[in-house]
Amino acid sequence: MNKHCAKILGAMLVLWIVNMPLPPLRASPEMRVLGTANVSLYFVDEKTINITINYTSYGVSGAALAAIFNNATWREYLRDRLISYVKENCAKAVEPEGSGVIKFSKEVEPYVYFVKGENWSRISIRFNLTGEGEPILGKSGEYWVHYEFRGGFLQLIRGGVLQWLTVVRPPLPLVLIDVLEVRATLPPGYSAIKVIPEESSALIDWKNDRVILVWLFRDPSIERRNPAVTGIQNLYLDLRDISSDKREILDKLGNIENSLMENLPYSFNHEEILSLLGKVSLARYEERAFQNLKESYLEELISEGEAELRKIFLVKLLTLSLPLLSLLLSAFFLYKERSIGHIRKLFERISRLTKESEKIMSLNSHIPI
């Protein structure tokens, strides 16, 4: 009976801690544990997005999570609460305004996983969002696609305390986020024309023809963590595909970049070539990721690169021909006397044949007709 009461009291205590409001915390040096949230938005195509949210907690917080994960009852209770929260918040997401805007289905089926390591524990939430809509016409007449994420799952990744259940009541005690990373992998062949909020960095997967946007938020005060610290609340993306003309320009820039790197040892002015190589690489990156450079600048840069490559080709040709020329000269001087003797004999033979021909011609001139 005492054991049964103890279990009931323990469960009530955990549920009370899980649902109690959590004020801003001041972390002591002993409690400086790192909590990270990593969010992946992977565009399979223009209408399908796979979303993965991983929260990892270390140290004291990780031990607290591990204790909950080890208890099947508490673990299933937390799993059910998380799944319900994702469904409810995606359903409450504000619909974007405007015609042709991509809208996402409110019907989601999230999956929750618990992973435990030696000194850390992690919660993973995965679900798909399917968009519906057509590209809209831009100001310059080109087509692009527009995405708006308002509230919904973005409330799951607010900074400060992990806000899984409500903005006020976090589900777990001492679950703190020091670093929040959001990574969006755009559809193949698309660039980011407009991004709000502005990304921290952008990567290009040239092999798979994708642009990857990264947002990185860090709690500015580790000593005083505030649950009200926000990450991304609303995310807006305007994307445009790469036209055939842009493809041609990018191919030229890529060829020039590779050729400059390969032929750098044959240039006389390394600093000038390195400076040009940096400009070409940066222009290729910015044009693929954002399409924000003027065509006149790109054409001028391509002309400059091709001119430098022609100069390097001539230097390379001269450099490669020097060993052959040196070999011929060495062979000539090595066999100089023999060569001169052969030339002298050749001229003597030609001279003798010439004299004999003259005699024959003179005899023929005296034969009566």
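Residues numbered from 1 in each chain as written. Predicted model: local features only at pLDDT ≥ 70, side-chain atom pairs only at ≥ 80, totals over all residues. Heavy atoms only, no water.

**With respect to the overall build of the protein**
Thinking step 1. Along its length, the protein carries seven helices and 16 strands.
Thinking step 2. Counting over 369 residues, the protein shows a buried share of 38%.
Thinking step 3. Restricting to contacts in the protein with at least 6 residues of sequence separation, those with at least 24 account for 72%. (Helix = DSSP H or I, 4+ residues; strand = E, 2+ residues; numbered from the N terminus. Buried < 20%, exposed > 50% of the residue type's maximum accessible area, 1.4 Å probe, protein only. Contact = heavy atoms within 4.5 Å.)

**What to know about the packing of aromatic side chains**
Thinking step 1. A complete count under the given rule lists four aromatic pairs for this structure.
Thinking step 2. Consider the rings of Y285 and F290, whose centres lie 6.4 Å apart with planes at 85 degrees: the pair is edge-to-face.
Thinking step 3. Its relative accessible area of 26% is what places Y285 among the partly exposed residues.
Thinking step 4. Put simply, the rings of F43, F104 and Y147 touch in pairs and so form one group of aromatic residues.
Thinking step 5. Sitting over the ring of W206, R284 keeps its end group 3.8 Å from the ring centre. (Phe/Tyr/Trp six-rings, centres within 6.5 Å; stacked < 30°, edge-to-face > 60°. Lys NZ or Arg CZ within 6 Å of the ring centre and 35° of its normal.)

**A closer look at the pairing of strand β14 (residues 210–218)**
Thinking step 1. The pairing of strand β11 (residues 179–185) with β14 spans seven bridges and is antiparallel. Paired with R183 across the two strands is V214, which belongs to β14.
Thinking step 2. Taken together, the five bridges between strand β13 (residues 201–205) and β14 define a ladder with antiparallel strand orientation. Looking at the pairing, I204 lines up with V211 of β14.
Thinking step 3. Counted along the chain from β13 to the antiparallel partner β14, the turn is four residues long, and its residue D209 has a positive phi close to 60 degrees. (Pairing = 2+ DSSP bridges.)

**Regarding helix α2 (residues 59–69)**
Thinking step 1. S61, G62, L65, A66, I68 and F69 are the residues of α2 that are buried. The buried side chains of α2 occupy one side of the element, clustering within an arc of 160 degrees when seen end-on. (Arc of directions from axis to C-beta.)

**Quick look at the pattern of salt bridges**
Thinking step 1. What the rule picks out here adds up to nine salt bridges.
Thinking step 2. Where K87 meets E109, a salt bridge forms, and the shortest distance between an N and an O atom there is 3.4 Å. Of this pair, K87 sits in helix α3 (residues 72–91) while E109 is found in the loop between β4 (103–104) and β5 (111–116), placing the two residues 22 residues apart along the sequence.
Thinking step 3. Take K87: its relative accessible area is 34%, and that puts it in the partly exposed class.
Thinking step 4. Given a relative accessible area of 45%, E109 falls into the partly exposed group.
Thinking step 5. Salt-bridge contacts for K311 lead to E308; the nearest nitrogen and oxygen are separated by 3.8 Å. Placement of the pair is K311 and E308 together in helix α6 (residues 295–334), with a separation of three residues, close to one helical turn.
Thinking step 6. In this structure K311 comes out as exposed when scored by relative accessible area, which is 51%.
Thinking step 7. Residue classification places E308 among the buried positions, given a relative accessible area of 12%. (Salt bridge = Lys/Arg side-chain N within 4 Å of Asp/Glu carboxyl O.)

**A few points about the side chain of E199**
Thinking step 1. Here E199 lies in the loop between β12 (190–196) and β13.
Thinking step 2. For E199, which is buried and forms no salt bridge, the nearest opposite charge comes from K194, at a distance of 12 Å.
Thinking step 3. Every residue in contact with E199, bar those within four places of it in the chain, is listed here: L213, V214, W215 and F290. (Lys, Arg positive; Asp, Glu negative; His and termini not counted.)

**Considering the nonpolar core**
Thinking step 1. Membership of the largest hydrophobic core comes to 45 residues, with the highest contact counts inside it found for F127, Y147, L213 and L237.
Thinking step 2. No other element matches the five residues that α3 contributes to this core.
Thinking step 3. Residues within four places of L213 in sequence aside, it is in contact with V182, R183, A184, L186, A192, V195, E199, S201, A202, L237 and F290.
Thinking step 4. Residues L264, I273, L298 and L301 belong to the second largest nonpolar core, which totals 16 residues. (Core = buried A, V, L, I, M, F, W, Y, C linked by side-chain atoms within 4.5 Å.)

**What to know about unusual backbone geometry**
Thinking step 1. For the bond running from I196 to P197, omega is -5 degrees, close enough to zero to count as cis.
Thinking step 2. Position of P197 relative to the elements: it lies in the loop between β12 and β13.
Thinking step 3. A positive phi angle is found at D209, which is not glycine, with a value near 60 degrees.
Thinking step 4. Position of D209 relative to the elements: it lies in the loop between β13 and β14.

**Here we look at the sheet that holds strand β7 (residues 136–137)**
Thinking step 1. Spatially, the four strands line up as an open sheet ordered β7-β8-β16-β12, and their pairing is antiparallel. On the outer flanks of this sheet lie β7 and β12, each paired with one strand and no other.
Thinking step 2. Examined bridge by bridge, β7 and strand β8 (residues 143–150) share two bridges and lie antiparallel to one another. Bridging across to β8, I136 finds its partner in W144.

**Topic: helix α5 (residues 270–289)**
Thinking step 1. For α5, spanning 20 residues, the distance from its first C-alpha to its last is 28 Å, which sits close to the expected 28 Å at 1.5 Å a residue.
Thinking step 2. Along α5, the positions that sit buried rather than exposed are I273, L276, L277, V280, A283, R284, E287, R288 and A289.
Thinking step 3. Between the side-chain oxygen of the N-cap and the backbone nitrogen of E271 there are 3.4 Å, and the N-cap of α5 in question is N269.
Thinking step 4. With its phi angle positive at about 50 degrees, Q291 sits one or two positions after the end of α5. (Expected span 1.5 Å × (residues − 1). Polar contact = N/O pair within 3.5 Å; in protein donor to acceptor, adjacent residues only side chain to side chain.)

These results come straight from atomic positions and should not be treated as a statement about function.
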